[in-house]
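The primary structure of each chain is shown beneath.
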Amino acid sequence: MVNSVRKFGACECTFRCTALMFFFCVSVFQPFSAQTQSKVRQAGTPISRELFGLFFEDINYSADGGIYAELIQNRSFEYSPTEQREWHPLSFWEYLSPGFSYGQISIETKDPVHTNNPHYLLLNIEHVGHEEQHSGPSGVGIRNAGFDGIVIKKGERYNFSVFAKQVSSSPVAVSVSLQTHKGEILAEEKISINSPEWKKYTGDLVAREATDSAKLVLLAETTGTIALDVISLFPEHTFKNRPNGLRADLAQVLADMKPRFIRFPGGCLVHGDGLGNMYRWKNAIGPIEQRVEQRNIWGYHQTAGLGYFEYFQFCEDIGAKPVPVLPAAVSCQNSGGTWRIGGTGQRALPLDEMDDYVQEVLDLIEWANGPPTSRWGSLRAAAGHPEPFNLEYIGIGNEDKITPEFKQRFKVIYDAVRAKHPEITIIGTVGPFPDGEDFTKGWEYADALKVPVIDEHYYKEPQWFINNQYRYDGYDRDKAHVYLGEYASWGNKMHNAIAEAIYMVGLERNGDVVRMASYAPLLAKKGRTQWKTDLIFFDNKAICLTPNYYVQQLFSLNQGDVVFKDVFSIAPADSTLAASCVRESSSGDLILKIVNGGKTQRDVKADLTSFGRISATAEQIVLSGDADAENTFENPTKISPVRSTVKVQKAFSYAAPAMSLTVIRIKFR
Ligand code: AHR
């Protein structure tokens, strides 16, 4: 029986072990001091050590224009009407010819920087005006206002780069500057485009003043013809100062959750809007000018600048396991907008392409884990990471319709990965809902193939989460583990967050069958959202953390690896009250979580009498507020956790405030 040998984290005990084996696991393998062991009763159920993590998808401008710190929009002139009807390769660029200058501008494809990056700009500077009546710069050029304006901080350094080539016989002098929307120059560098071959030119710009609406201006100041591409501007300070890195503040709020894993890059983004739109990982590695840009399924553009290397690096930087999801060689069933007619747009890769596709999946494992001497491992090493990334999980498919075409392709991929890489845990998929045809068929197929982990998704109203908090109590422990890869109640008010907290207590209680869980979607840019309910809202400057964020964070920071089910006695009928007690073996702490989703304060009794000598004081964190309260950019801390130190006893009654989540962390004496 496959399930009986499944491992959970470092404990590595047989997961569905007998009581005897469980005792052995806890007392021998848990990294507990001998002293603590003698004081803590040996009872409880081991649960997943990677229960709470993150799901990142490039939706709502999460990547380009979001956490990916690139400040220039359409840097490679690859925007296209297939993304938004009015878009084209010059979108978000303006032509300039100040000082009575004139010239020509065109988009070319004849001799690109790289075949993966076909469009580039040709700038022909015919005349640079030197009229006495004109003050200020003269020349011919372009400017870009980024994603709704470029936010510049005074005194900070910005790294500029451009691929360029001298097309005319003589070099062309170009001024590169950051300007206010009124044209005042905040920082400037001069470069000379003097190579007849494509060459990368770089420079640093340090702004004299701050502004939220800067523009990057490239102005040729001498006549001639030049080609330009991949015009890029990054703040020097990115998260962990990684080149081609992430916006430091946004990455930090994710790091602050200490997620155990990150699933990426989607979502529907993975299986794509038709076969040509599937996310192919090989397109998203290597130098940025060689990556394949494409239409984002959510109706905008995807540079793949935040690509597989960056995802893996970020996971490593914050101690999260990488969980890449690859297409199951079928496209989204809603391709072409067929969700309007019931979703029949699933397309499948031709079978004669499956050998190559399977190899592509296997190559990812080599890229992530193989030695630097291997073909794909060498590319990881060349990108600056000779050590393996220690990939353990791969998701195959996202919410796909469980058709014969899907099944056939999933099995081919699944068999090949299992045969070559038995050390990799494969995550299967069971449609977009908590029940129904694809859910049932998906589970049946997963059972037949003995898929070790299954990715369930559902978005529901808050009451559904309250009503279904015991969902996993009834799951068969001999079947696949669950990865609840996407879930959210429809809303970002306090009562939504608390409904999710009630549900998460159920996930913890069932942490022996629910291996992983991640809220979705994670990030959303103000005014650029395709999905209304999200965990973290942001604009170019500010971040608004939702009550749902704090719930996720409190569960994530306070994960345990053993759950004790008899500390609280709450009747299942009491559906707005939920509580759990877990132990975190690394610290030895006991962690209580108490959720009151009701409109009045409730007393909750905790019985810790069998736990030995607990400390008299404990750290307490309370998240509470009115049911309809929410955080806004104007008032982003309306709902936020409040910390205190409280007295605890072995048996005590806690007055849980109305609409609240309380976490109490107790040490042993
Ligand atoms: O999270 C938003 C979308 O919801 C995901 O892309 C998809 O998997 C689900 O339907």
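Relevant structure appears above.
Residues numbered from 1 in each chain as written. Predicted model: local features only at pLDDT ≥ 70, side-chain atom pairs only at ≥ 80, totals over all residues. Heavy atoms only, no water.

### Things to note about the overall build of the chain
Scanning the chain from N- to C-terminus turns up 13 helices and 33 strands. A compact globule built from 669 residues would reach a C-alpha radius of gyration of about 26 Å, and the chain, at 27 Å, matches this within 12%. Based on the C-alpha atoms only, the size of the chain along its principal axes is roughly 90 × 55 × 50 Å. Out of the 669 residues belonging to the chain, those deemed buried represent 59%. Partitioning the intrachain contacts of the chain with sequence separation of at least 6 by distance along the chain shows that 75% fall at a separation of at least 24. Here the chain displays about 26000 Å² of accessible surface, and carbon together with sulfur accounts for 52% of that area. (Helix = DSSP H or I, 4+ residues; strand = E, 2+ residues; numbered from the N terminus. Rg over C-alpha atoms; globule rule 2.2 N^0.38 Å. Buried < 20%, exposed > 50% of the residue type's maximum accessible area, 1.4 Å probe, protein only. Contact = heavy atoms within 4.5 Å. Areas by Shrake-Rupley, 256 points an atom, 1.4 Å probe, with all protein chains shown as cover.)

### Concerning the packing of aromatic side chains
If you walk through the whole model with that rule in mind, you get 43 aromatic pairs. Where F239 meets F314, the ring centres are 5.5 Å apart and the plane angle is 75°; that geometry is what we call edge-to-face. A residue pair is termed long-range when its members are at least 10 positions apart, and F239 in the loop between β13 (224–235) and α4 (248–255) and F314 in helix α6 (residues 308–317) qualify at 75 residues. Side by side, F239 and F314 carry an identical accessibility label, which is buried. For the pair W443 and Y475, a centre-to-centre distance of 5.9 Å together with 80° between the ring planes defines the contact as edge-to-face. Remark: Y475 occurs in the loop between α11 (462–467) and β21 (481–489) and W443 occurs in helix α10 (residues 437–449); sequence separation between them is 32 residues. Here the aromatic cluster, defined as three or more aromatic residues joined through ring pairs, consists of F56, F264, Y279, W281, Y308, F309, Y311, F312, W367, W376 and F389. (Phe/Tyr/Trp six-rings, centres within 6.5 Å; stacked < 30°, edge-to-face > 60°.)

### So, the sheet that holds strand β2 (residues 54–55)
The sheet built from eight strands is open, its strands ordered β2-β14-β17-β18-β19-β20-β21-β22 with parallel pairing. Since the sheet does not close on itself, it has two edges, and those belong to β2 and β22 (514–517), each with one partner. Note: strand β17 (residues 321–326) against strand β18 (residues 393–396), two bridges, orientation parallel. Each bridged residue has a counterpart across the sheet, and for L326 the counterpart in β18 is I396. In the packing of helix α12 (residues 494–509) onto the sheet, contacts are made with β20 (453–460), β21 and β22, and the angle to β21 comes to roughly 170°. (Pairing = 2+ DSSP bridges. Axes fitted to C-alpha atoms, helices over the stretch in contact; angles between N-to-C directions.)

### Describing the site of the ligand
Around the ligand sit E57, I59, G267, C268, W298, N398, E399, H457, Y459, E486, P521 and W531, and that is every residue in its neighbourhood. Within the contact set of the ligand, an oxygen atom lies 2.8 Å away from a backbone nitrogen or oxygen of C268. Against a free-state accessible area of 280 Å², the protein chains account for coverage of 94% of the ligand. Judged by its atoms lying within 2 Å of the grid points, the ligand is housed in the largest pocket. Across the shell around the ligand, the residue classes tally to six nonpolar, three polar and three charged. (Near = heavy atom within 4 Å. Polar contact = N/O pair within 3.5 Å; in protein donor to acceptor, adjacent residues only side chain to side chain. 1 Å grid on protein atoms, 1.4 Å probe; cavity = no way out; pocket = protein on both sides within 12 Å on 5 of 7 lines; lining within 4 Å. Sits in = over half its atoms within 2 Å of the grid points. Nonpolar A, V, L, I, M, F, W, Y, C, P; charged D, E, K, R; others polar.)

### Considerations on empty space enclosed by the protein
Rolled over the atoms, a probe with the dimensions of a water molecule shows which regions are left empty. Per the counting criterion, the structure on display carries eight cavities of 30 Å³ or more. Approximately 80 Å³ is the volume found for the largest cavity. Forming the walls of the largest cavity are F56, I67, L246, L254, I262, L306, Y311, F314 and C315. In terms of residue count, the dominant contributor to the lining of the largest cavity is α6 (three residues). In terms of residue class, the lining of the largest cavity is built from nine nonpolar, no polar and no charged. (Points joined across faces, edges and corners; volume = space filled by probe spheres on them.)

### Side note on the packing of helix α7 (residues 354–369) against helix α8 (residues 375–382)
Packing of α7 against α8 brings their axes to within 7 Å, and their N-to-C directions diverge by 45°. Compared by their axis directions, α7 and α8 come out oblique. Viewed along their axes, α7 and α8 form a crossing whose handedness is right-handed. Contacts between α7 and α8 involve D363, E366, W367, A368 and N369 on the former and, on the latter, R375, W376, G377, L379 and R380. (Parallel < 35°, antiparallel > 145°, perpendicular 65-115°, else oblique. Left-handed = near helix turned anticlockwise from the far one by under 90°.)

### Remarks on the sheet that holds strand β5 (residues 120–127)
As summarised here, the arrangement of the five strands in space is β4-β5-β13-β8-β11, forming an open sheet in which the pairing is antiparallel. A strand with exactly one partner marks an edge of an open sheet, and here the two such strands are β4 (102–108) and β11 (199–206). Neighbour-to-neighbour, the strand axes of the sheet open up by a mean angle of 30°, direction not taken into account. Pairing geometry for strand β8 (residues 157–166) and β11, over eight bridges, is antiparallel. Counted as the bridge partner of V162 is Y201 from β11.

### Here we look at the side chain of N631
Looking at the element boundaries, N631 is found in the loop between β30 (614–624) and β31 (642–647). Since its relative accessible area comes to 8%, N631 is described here as buried. Among the polar contacts made by the side chain of N631, one reaches the main-chain amide nitrogen of K638 at a distance of 3.2 Å. Among the polar contacts listed, one links the side chain of N631 to the backbone nitrogen of I639, at a separation of 2.6 Å. Setting aside residues no more than four positions away along its own chain, N631 makes contact with C544, L545, T546, P547, Y550, P636, T637, K638 and I639.

### Thoughts on the environment of N468
Structurally, the position occupied by N468 is in the loop between α11 and β21. For N468, a relative accessible area of 23% puts it in the partly exposed group. In this structure, the C-alpha to C-alpha distance between N468 and G506, residues 38 residues apart in sequence, is 8.8 Å.

### Re the pattern of salt bridges
For side chains of opposite charge, pairing can occur when their charged atoms come near one another. Taken as a whole and judged by the stated rule, the model has 34 salt bridges. Residues R665 and D589 are paired through a salt bridge, measuring 2.8 Å at the closest nitrogen-oxygen approach. Highlighted residues: R665 in strand β33 (residues 660–668) and D589 in strand β28 (residues 589–596), separated in sequence by 76 residues. Residues D589 and K667 are paired through a salt bridge, measuring 2.9 Å at the closest nitrogen-oxygen approach. Linking D589 in strand β28 with K667 in strand β33, this pair joins segments that are 78 residues apart in sequence. Classification of D589 by relative accessible area gives buried; the value is 2%. K667 gets classed as partly exposed once you look at its relative accessible area, which sits at 45%. One salt-bridge network, held together by shared partners, links E584, D589, R665 and K667. (Salt bridge = Lys/Arg side-chain N within 4 Å of Asp/Glu carboxyl O.)

### Considering the environment of A382
Relative to the helices and strands, A382 resides in helix α8. Note: C-alpha distance between A382 and Y61 (321 residues apart in sequence) is 29 Å.

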